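The chain contents come next:
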Amino acid sequence: EGLSISSIVIGRHRFLFPIHLIIFAIGGWWLYKNTRGLESFRRMFNIISIVLLIIPIVRIGLFESKRSRSTFPENITASSDAIQPLTSIGNSPDVYYIILDSYSRQDMLLQYYDLDISGFVNQLETMGFYVVPCSQSNYGVTDLSLTTSLNLDYIQDVIPVDVENQSGWISLGEPIRHSLVRQMLTGLGYKTVAFETGVWWSEIQDADYFYKKSNQGIGFTSNFWQPNEFEILFIRTTILRVVDEMGKAWLGDFFQAPERGHYEYVLYTLDELKNVPDIPGKKFIFVHLMAPHAPFVFSPDGDFVFSETADPGFPNEIVFLNSQLIPLVQSIIENSSVPPIIILQSDHGLDNEVRLANFIAIHFPSPAESSLYPTLTPVNIFRLVFNEYFGQNFPLLPDASYQSTYDNYYDFTEVTYPCNP
């Protein structure tokens, strides 16, 4: 990969495919000439088919076995915290929980990407947001971070057996989709509004309102070819991967690459969010926006520009997102009959060196904004929400951040980053 001859990169599937085809043809011809007819071929291909079938069956079985051993309870309660009878203080505000995946903290963006977002921060503060200056994520992995924030407790207390046994990855889709936050708000008569994410374990498809961009799969949708999620997986894990690569290199807009689909999904979500205030009644809105997470598909002006590298792709995407978020939250505030709670939060940052330095900006209708503080982490955000607006008395937990790797999911190391609030 990367090998080039006369500036032509030859380490590509579209160039290697003819070589493989030739090898396959020669090998097939040789086997045919040196075996006793087609019976040997039948036996050989039967064995290959059985092996290829066994491999995914074993992998699926191991995954399902691991998921079934999860100790996460069906009905969630905040560990050791007595939940008071839920009441709304005054008019019930809509609660917007918008996750900007991988959005880094202001000082880290300046340090690592020379990107100054002070103007964006100032605009948020003018609208009544509190931008947490020394925010840190509780975990550097998305599902651990979301499980913690949506269930008001650290993962060590949410699934203590798995953490203690150093279990490998298990699906945390259940505590994310049917979290304590959702259960408590549903008990108060709130409707859940959710959007597609492209990540199955964070999609609340059983929400009262679920927004999903229409995708008809392979076919002529206008002037391009747009595969759905299953078709993308099939293409990229079979010989059809050559088609995917050719689509990007030679077919242009005729074949819509997944990156283009990601681009349109982000635009769709941002556009539909503006209409959510029109939904009648009290609402809990959950948005896990896979941006500025890779693939990086936006220019600063919002044009489709796919970048394979974080620099300039990551800062370009943030510049565009910032330009969209300001009018979006302004529209939500202006069109809400009751001043809403809006939480803009990233699950974690991007760079490994400072992955837990995340971004948090919170709009609390006055006077609850005085309860926010410079070192707030996600585990305490909804504790504050329920204390200030729904008659609870949750004690605030110590704000801590834990790093781990995908290979050792629950082997945590506590980390802090220098910060001057």
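Structure report, in brief. Remember, it's a predicted structure, so these values are computed and weren't measured experimentally.

## Quick notes on the overall build of the chain
Per the secondary structure count, the chain includes 14 helices and 13 strands. Out of the 421 residues in the chain, the part that is buried amounts to 47%. In the chain, of all internal contacts separated by at least 6 residues, the share reaching a separation of at least 24 is 70%.

## Topic: helix α4 (residues 118-126)
Residue pairs spaced three or four apart in an α-helix point in one direction, given the helix's 3.6 residues per turn. Of all the residues in α4, the buried ones are Phe120, Val121 and Leu124. Projection of α4 onto a plane perpendicular to its axis shows the buried side chains occupying an angular sector of 100°, all on one side. At the C-terminal side of α4, Gly128 shows a positive phi close to 100°.

## Considerations on the side chain of Ser404
Topologically, Ser404 is positioned in the loop between β12 (402-403) and β13 (413-414). For Ser404, the contacting residues outside a window of four places in its chain are Val141, Leu144, Tyr409, Asp411 and Phe412.

## Things to note about the nonpolar core
Of all hydrophobic cores here, the largest spans 83 residues; its most connected members are Leu124 and Phe382. Counting residues per element, this core draws most heavily on helix α13 (residues 310-335), at nine residues. If you look at the next biggest cluster of nonpolar residues, it comprises 16 residues, including Val158, Ile170, Leu172 and Tyr409.

## Examining the pairing of strand β3 (residues 95-100)
Looking along a regular strand, one sees the side chains alternate between the two faces of the sheet. Within β3, six of the six residues are buried, leaving the element largely enclosed by the surrounding structure. Judged by which residues are buried, β3 turns out to be covered on both faces: Val95, Tyr97 and Ile99 on one side and Tyr96, Ile98 and Leu100 on the other are all buried. As paired strands, β3 and strand β10 (residues 341-345) are joined by five bridges and run parallel to one another. For Ile99, the partnering residue across the bridge sits in β10 and is Gln345.

## Details of unusual backbone geometry
A cis amide bond links Ala291 with the next residue in sequence, Pro292, at an omega value of 10°. Phi is positive for Ser102, close to 80°, though the residue is something other than glycine. Mapped onto the elements, Ser102 comes out in the loop between β3 and α3 (106-113). Of note in this structure, Leu152 is not a glycine but carries a positive phi near 60°. Within the secondary structure layout, Leu152 lies in the loop between α5 (142-151) and α6 (155-158).

## Looking at a nonpolar patch on the surface
A cluster of nonpolar side chains, contributed by Phe45, Ile47, Ile48, Val51, Leu52 and Ile55, occupies part of the molecular surface with about 550 Å² of accessible area. Checked against the element boundaries, Phe45 lands in helix α2 (residues 38-68). For Phe45, a relative accessible area of 41% puts it in the partly exposed group.

## Regarding the sheet that holds strand β4 (residues 129-131)
The strand order across the open sheet formed by seven strands is β4-β11-β10-β3-β7-β5-β6, and the pairing between neighbours is mixed. At either end of the open sheet lies a strand with only one pairing partner, and these are β4 and β6 (209-211). Neighbouring strand axes in the sheet, compared pairwise and without regard to direction, differ in orientation by 10° on average. Strand direction decides the pairing type here: strand β5 (residues 191-195) and strand β7 (residues 283-289), joined by four bridges, are parallel.

Each value, and the rule that gives it
- Residues numbered from 1 in each chain as written.
- Predicted model: local features only at pLDDT ≥ 70, side-chain atom pairs only at ≥ 80, totals over all residues.
- Heavy atoms only, no water.
- Helix = DSSP H or I, 4+ residues; strand = E, 2+ residues; numbered from the N terminus.
- Buried < 20%, exposed > 50% of the residue type's maximum accessible area, 1.4 Å probe, protein only.
- Contact = heavy atoms within 4.5 Å.
- Arc of directions from axis to C-beta.
- Core = buried A, V, L, I, M, F, W, Y, C linked by side-chain atoms within 4.5 Å.
- Pairing = 2+ DSSP bridges.
- Patch = residues over 30% accessible without salt bridge, like charges linked within 9 Å, V, L, I, M, F, W, Y side chains within 5 Å.
- Areas by Shrake-Rupley, 256 points an atom, 1.4 Å probe, with all protein chains shown as cover.
- Salt bridge = Lys/Arg side-chain N within 4 Å of Asp/Glu carboxyl O.
- Axes fitted to C-alpha atoms, helices over the stretch in contact; angles between N-to-C directions.

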